[in-house]
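Structural overview for review
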Amino acid sequence: MKVFSGSSNRPLAEKVAQNLGLKLSSLEIHKFPDGEKRVRVVGSDLEDDVVLVQSTGIPVDENYMELFLILDALKRSGARSITLVSPYFGYQRQDHMFREGEDVSFKVIVQMLESLKVDKVITFDLHSIKIPEFFHIPVVHLTVLDLFVGKIDKDSVLVSPDMGGIRRIKYLSEKTGLSFATIEKNRDLKTGRVQSEKIEGSVQNKNVAIVDDMISTGETIRAAVELLKKECAEKINVFATHAVFADDASSILDNLDVEKVYVTDTIEVPKEKQFEKLEIISVANLIVKELR
Ligand code: R5P
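Residues numbered from 1 in each chain as written. Predicted model: local features only at pLDDT ≥ 70, side-chain atom pairs only at ≥ 80, totals over all residues. Heavy atoms only, no water.

So, the pattern of salt bridges
Definition in use: Salt bridges, as used here, are contacts in which a Lys or Arg side-chain nitrogen is within 4 Å of a carboxyl oxygen on Asp or Glu. A helix here means a DSSP run of H or I that spans at least four residues, while a strand means a run of E at least two residues long, and both kinds are numbered starting from the N terminus. Per-residue accessibility, obtained with a 1.4 Å probe over protein chains only, is compared with the maximum for each type, and a residue is labelled buried under 20%, exposed over 50%, and partly exposed between these values.
For the coordinates displayed, the defined rule picks out 23 salt bridges. With a shortest N-O distance of 2.7 Å, arginine 76 and aspartate 72 are connected by a salt bridge. Of this pair, arginine 76 and aspartate 72 both sit in helix H2 (residues 60–76), separated by four residues, roughly a single helical turn. Overall, arginine 76 belongs to the exposed group, its relative accessible area being 68%. A salt bridge links lysine 185 to aspartate 162; the shortest N-O distance between them is 2.9 Å. Taken together, the residues lysine 185 in strand S9 (residues 180–187) and aspartate 162 in the loop between strand S8 (156–160) and helix H5 (166–176) connect sequence positions 23 residues apart. For aspartate 162, a relative accessible area of 14% translates into the label buried.

What about the side chain of aspartate 265?
Note the cut-off: Any two residues whose heavy atoms approach within 4.5 Å are treated as being in contact.
Inspection of the secondary structure puts aspartate 265 in the loop between strand S13 (260–264) and strand S14 (278–281). Contact partners of aspartate 265, with chain neighbours within four places excluded, come to Asn9, Leu12, Lys15, Ile280, Ile281, Ser282, Val283 and Ala284.

Some thoughts on the packing of H2 against helix H3 (residues 105–115)
Rules: For helices, the axis comes from a line fit to the C-alpha atoms of the stretch in contact; other axes are also lines fit to C-alpha atoms, and the angle between any two N-to-C directions lies between 0 and 180 degrees. Angle categories are assigned with fixed cut-offs, so that under 35 degrees is roughly parallel, over 145 is roughly antiparallel, 65 to 115 is roughly perpendicular, and the rest are oblique. Left-handed describes a crossing whose near helix is turned anticlockwise from the far helix through less than a right angle; right-handed describes the clockwise counterpart.
In contact at an axis separation of 11 Å, H2 and H3 are set at 20 degrees when each is read in the N-to-C sense. Between H2 and H3, the interaxial angle falls into the category roughly parallel. Between H2 and H3 lies a crossing whose hand is right-handed. The residues of H3 that touch H2, namely those facing Tyr64, Leu67, Phe68 and Leu71, are Phe106, Ile109, Met112 and Leu113.

As structure tokens, then:
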């Protein structure tokens, strides 16, 4: 087996290769002045099963384009099979038409991956459990929720910041025996501003663990924390699988009245977006377990 890495999350790819007792195989990724990229597999004759690690967070289009080019280069260099480890898939939230006339972004992504002959996909905490059905190849859909269990205070109420997260909260509730509450959220599609108005379940004088699949702008978490504080919650910790951290999400999170923000390394968080309350948990071992 050979492990390759795109440029989106090299630290994770290195951990995966190291835990497998391998070194990352060599890939040249050249960026031209106009932004185009060219990819080359060094020492071409692969004739091996290949694992490619590439996450598709910010810059999402660039990371996808690079992924497509790497897949092409790997196939042309004789890769016997390609397992794509894409811990986070960009565009997954547009998995259906919300309004007439819209595209179905993630369907397009899947068509591209399949046409480039990916054999298998390993990924984490997809926004919807329906997404694997888009593919005609095996999809291993892993969760990081078990990694969160040990970090959740034993006297907390689990909170989903929107109705879409109930599945995750129920999973954790079964694992921990903790009770849960859910928030009803509304997002203004023009401004992106989120309003969290109603909570089902009580958090009064209780510690809270908010659990979400991803933090993008930080609006969902900001609105949830404000509502929970209004409802007299005590200490709040935040747990989210994917640290997308768009715009000034990290400073929004840093300024919230919360103890800690736990995320994972499905997306690499650049140094300038890290803050004191942030703790990053690695998913490398979960990937290695699956690859073995
Ligand atoms: C939405 O359904 C997701 O589960 C997340 O809550 C959302 O994508 C987070 O985005 P943001 O941080 O921009 O509010």
